[in-house]
Amino acid sequence: MEFVLPINAAKFRSTNETWNNLMLNDPWSVGYVTTLIELAPFVKKEDWEKFYYDSGAQREVLISKLDENIQRQLQDESLVRKSRDEVAKLNFDLKNLNTQFGRSVEALHKKGQILYEAVKNNGLSLTPDECVECVRFRVICETWNGVIVRERNTIETLKKCFPHSVFRKVPGEMDHTYAVDYEIYKDDKLTAAIQIKPKSYTGNAPYIQRARSANKHKNQEYFNKFNAHVFDVISDSKGNILNREVLKDL
């Protein structure tokens, strides 16, 4: 069962561009959510949400034991305030405290407040609570709806179309680096990779166009390294493939 957006859809959409510009969706800010959601066989969406918050609370305990200067370096509310070069200098174990853990309820509330301050004058009378819900829905709910519901149903559809191929989910870091969700193998040979996206990904809003452009660049880097093309598979939550022409490419 999917999460349902509890606030006005137009208000939610109005925060998309700001959410991306503030880089609140970056793994540094919320963790590799597509990896986190694969760590346990969640039966109910509520189990996933609790796991994410609990993981965030565990992260905060670990960080609290570190030097105060290190704690400041791990501040994760917004990458706009921190250069990527600064993040890159941190050692692997410290980076993992941000990328391999969820966030507590309180941490998501802080991100909601940052979002509110950036969009409160956009003419739609967004409230702080609505902005907190925008953060929660993107981080927790859209991950469940996209990975558990849409992605898995879509893979089941593709398996029926290509019974002799193997579809392998890539780790979250690889997804973030190359904009790839699954790799496709036939006879143990990599033949292609795919991104599974909702219909909204085909829209013309500026932030969507920028996302497609950024992903196209990442896909080219994937091809340069692995010599396999990346294709977009557009599907609905039931796994119905909306751009059927991609099946010929695969």
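Residues numbered from 1 in each chain as written. Predicted model: local features only at pLDDT ≥ 70, side-chain atom pairs only at ≥ 80, totals over all residues. Heavy atoms only, no water.

J.: Can you help me understand unusual backbone geometry in this one?
T.: For residues that are not glycine, phi is negative in most cases, and the peptide bond is trans in most cases. In this structure, Ser-125 takes a positive phi of about 55° despite not being glycine. Assignment of secondary structure puts Ser-125 in the loop between helix H9 (105–119) and helix H10 (128–161). The exposure class assigned to Ser-125 is exposed, which follows from its relative accessible area of 55%. At Ala-179, a residue that is not glycine, the phi angle is positive and equals roughly 55°. If you trace the backbone, Ala-179 turns up in the loop between helix H11 (172–178) and strand E2 (182–186). (Helix = DSSP H or I, 4+ residues; strand = E, 2+ residues; numbered from the N terminus. Buried < 20%, exposed > 50% of the residue type's maximum accessible area, 1.4 Å probe, protein only.)

J.: Whenever I open this one, the packing of H9 against H10 confuses me. Can you help?
T.: Relative orientation of the contacting elements H9 and H10 amounts to 120°, with a least axis distance of 8 Å. Classified by the angle between their axes, H9 and H10 sit oblique to one another. As for how H9 packs across H10, the hand of that crossing is right-handed. Across the interface between the two elements, Leu-108, His-109, Lys-111, Gly-112, Gln-113, Leu-115, Tyr-116 and Val-119 of H9 pack against Pro-128, Cys-131, Val-132, Cys-134, Val-135, Arg-136, Arg-138 and Ile-140 of H10. (Axes fitted to C-alpha atoms, helices over the stretch in contact; angles between N-to-C directions. Parallel < 35°, antiparallel > 145°, perpendicular 65-115°, else oblique. Left-handed = near helix turned anticlockwise from the far one by under 90°. Contact = heavy atoms within 4.5 Å.)

J.: Before we go on, may I ask you to explain the sheet that holds strand E3 (residues 189–197) in this structure?
T.: Within a sheet, adjacent strands bond to each other through the backbone by hydrogen bonds, running parallel or antiparallel. The sheet built from 4 strands is open, its strands ordered E1-E2-E3-E4 with mixed pairing. The open sheet terminates on both sides in strands that have one partner only, identified here as strand E1 (166–169) and strand E4 (230–234). Each strand of the sheet is rotated relative to its neighbour by a mean of 35°, with strand direction disregarded. Note that E2 and E3 share 5 bridges and pair antiparallel. Counterpart to Ile-184 in the pairing with E3 is Ala-192. (Pairing = 2+ DSSP bridges.)

J.: Is there a simple way to think about the packing of helix H5 (residues 45–64) against H10 in this case?
T.: Geometry of a packed helix pair, given as the angle between the helix axes and the separation of the axes. The N-to-C vectors of H5 and H10 enclose an angle of 135°; their axes lie 10 Å apart at closest approach. If you check the angle between H5 and H10, you find them oblique. Like other packed secondary-structure pairs, H5 and H10 cross with a definite hand, here right-handed. Taking contact as the criterion, the partners of Lys-45, Trp-48, Glu-49, Tyr-52 and Tyr-53 in H5 are, on H10, Arg-136, Val-139, Ile-140, Thr-143 and Trp-144. The class makeup of the residues in the contact of H5 with H10 is 6 nonpolar, 1 polar and 3 charged. (Nonpolar A, V, L, I, M, F, W, Y, C, P; charged D, E, K, R; others polar.)

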